[in-house]
Amino acid sequence: MKQINCIIVDDEPIAREILATHLQKIDIIKVSKLCKNAVEAFNAISSDKIDLIFLDINMPEISGLAFAKSINKNIKVIFTTAYREYAIDGFDLQAVDYLLKPISFERLLKAINKFTNENIEIIGKPIVETHEKNDFIFVRADRKMVKINFSEILYIESLSDYIQIHLTDKTITTRETISNIEAKLPQHQFLRTHRSFIISINKIALFTNEFVELGNKAIPISRTYKNDVLKKLESL
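Within each chain, residue numbers correspond to sequence positions counted from 1 in written order. In keeping with the predicted nature of the model, local features appear solely for residues at pLDDT of at least 70, side-chain atom pairs appear and are counted solely at 80 or more, and the whole-chain, interface and lining totals rest on all residues. Side-chain measures here rest on the full set of heavy atoms in the structure, leaving out hydrogens and waters.

Undergrad: Which parts of the structure should I look at to understand the environment of Asp 161?
TA: Relative to the helices and strands, Asp 161 is located in the loop between strand E8 (153-159) and strand E9 (162-167). For the exposure calls, accessible area comes from a 1.4 Å probe over protein chains only, and a residue counts as buried if that area is under 20% of its type's maximum, exposed if over 50%, partly exposed in between. With relative accessibility at 42%, the residue Asp 161 sits in the partly exposed group. For the pair Asp 161 and Arg 175, spaced 14 residues apart in the sequence, the C-alpha separation amounts to 6.0 Å. The contact criterion used is simple: two residues touch if any of their non-hydrogen atoms lie within 4.5 Å. Setting aside its immediate chain neighbours within four residues, Asp 161 contacts Thr 174, Arg 175 and Glu 176. Each helix corresponds to a stretch of at least 4 residues labelled H or I by DSSP, and each strand to a stretch of at least 2 residues labelled E; elements are numbered beginning at the N terminus.

Take a look at the structure:
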């Protein structure tokens, strides 16, 4: 099975490193170069055969959108960005996928599978093999990417366009929706009990038909989620 030769293009060093770390766990992916701007990316695709580019959009001088318009259409693009408003432009350029930062390993796998399914002639077969799944995610807080270990999460609370991730020793606030963060969490460890709350199953001290208790905090179980929550908890 042929490897997918790719480059990562992002002006943020930590964003490049996080994505590269994820991609190293996918057997068919080979990261040829980490580029901090479009000029370095152009040189990379000129000197090597590149199948796929992980491309940030908001970069100085030459944006990711402008760069994507200028390259050979045989080179596929997965956009990686913190800005939702560029999604339509990204898909207009026939991008394989559009990933919002912070990018979870699970979401990245979906994008890779989408690429392999659409480009069987490049890969040989649409199968992604991985070494292991992460037991953490990165979230953006205070202009930094902060590592959150799943084992340290007590519960997650939605505050409109923001969420608070309550850990065993502190609270992290990040601009994200609770549905997006839910998709990044392993289902066997976390449970949505309410439109505004996700809990860590391992941290539950007790539960009733109306709430679950974690430490000194009682988290409500809403009618919408009640049947699924109780069914899950009573089966443990």
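Undergrad: Help me understand the sheet that holds strand E1 (residues 4-9), please; the structure alone is not making it clear to me.
TA: Sheet strands pair by backbone hydrogen bonding; their relative direction is either parallel or antiparallel. Here, any two strands with at least 2 DSSP bridges between them count as paired. The parallel open sheet is built from five strands, whose spatial order is E2-E1-E3-E4-E5. The open sheet terminates on both sides in strands that have one partner only, identified here as strand E2 (29-35) and strand E5 (97-100). Taking the axes of each pair of neighbouring strands and ignoring which way they run, one obtains an average angle of 20 degrees across the sheet. By the bridge criterion, six bridges tie E1 to E2 in an arrangement that is parallel. Residue pairing for E2: Ile 4 is matched across the bridge by Ile 29. Along the sheet, helix H1 (residues 13-23) contacts E1, E2, strand E3 (52-56) and strand E4 (76-81); its crossing angle with E2, the most-contacted strand, is approximately 170 degrees. Axis angles are defined between N-to-C directions and span 0 to 180 degrees, where every axis is a line fitted to C-alpha atoms and, for a helix, only to the segment in contact.

Undergrad: How should I be thinking about helix H2 (residues 38-47) in this particular structure?
TA: Helical geometry: 3.6 residues make up each α-helical turn, so side chains three or four residues apart lie on a common side. Inspection of H2 places Ala 38, Glu 40, Ala 41, Ala 44 and Ile 45 among the buried residues, and these make up the whole buried set. An end-on view of H2 places all buried positions within 155 degrees of arc, on one side of the element. Exposed side chains of H2 directed beyond 90 degrees from the buried face belong to Ser 46 and Ser 47. Those residues of H2 hidden inside the fold are in contact with E1, E2, E3 and helix H3 (64-70). Polar contact is the term for a pair of N or O atoms within 3.5 Å; when the atoms are in protein, one must be able to donate a hydrogen and the other to accept it, and sequence-neighboring residues count only if both atoms are side-chain atoms. Where H2 begins, the side chain of Asn 37 points an oxygen toward the backbone nitrogen of Val 39, at a separation of 3.2 Å. This arc describes the spread of directions from the helix axis toward the C-beta atoms.

Undergrad: Got a minute to help me understand unusual backbone geometry in this structure?
TA: Note: most residues except glycine have negative phi, and most peptide bonds are trans. With an omega of -5 degrees, the peptide bond between Lys 101 and Pro 102 qualifies as cis. Following the sequence through the fold, Pro 102 ends up in the loop between E5 and helix H5 (105-118). A positive phi angle is found at Glu 61, which is not glycine, with a value near 70 degrees. Within the secondary structure layout, Glu 61 lies in the loop between E3 and H3.

Undergrad: What am I meant to see in the sheet that holds strand E12 (residues 197-200) here?
TA: The five strands are arranged E10-E9-E8-E12-E11 in an open sheet whose pairing can be described as antiparallel. Looking at which strands have only one partner, the edges of the open sheet turn out to be strand E10 (171-175) and strand E11 (190-194). Each neighbouring strand pair of the sheet contributes to a mean axis angle of 20 degrees, computed without reference to strand direction. Across four bridges, the pairing between E11 and E12 is antiparallel. The partner of Leu 191 across the bridge, within E12, is Ile 199.

Undergrad: Please clarify how the packing of aromatic side chains should be interpreted in this entry.
TA: The geometry of an aromatic ring pair is captured by the separation of the ring centres together with the interplanar angle, meaning the angle of the planes. Only Phe, Tyr and Trp rings take part, Trp by its six-membered ring, and two of them pair if their centres are within 6.5 Å. Stacked means planes under 30 degrees apart, edge-to-face means over 60, and tilted covers everything else. Scanning all chains against the criterion turns up three aromatic pairs. When the ring of Phe 150 is compared with that of Phe 190, the centres are 5.9 Å apart and the planes differ by 70 degrees; the resulting orientation is edge-to-face. Pair noted here: Phe 150 is in the loop between strand E7 (144-149) and E8 and Phe 190 is in strand E11, with a separation of 40 residues, a long-range link. Phe 190 shares its class with Phe 150; the two are buried.

Undergrad: Would you explain the pattern of salt bridges in this entry?
TA: Once the charged atoms of two side chains with opposite charge are near each other, the side chains can pair. Definition used for salt bridges: Asp or Glu carboxyl oxygen within 4 Å of a side-chain nitrogen of Lys or Arg. Throughout the structure, instances matching the rule amount to eight salt bridges. Two residues, Asp 51 and Lys 49, come together in a salt bridge whose shortest N-O distance is 3.2 Å. For Asp 51, a relative accessible area of 2% translates into the label buried. You can call Lys 49 exposed: its relative accessible area is 57%.

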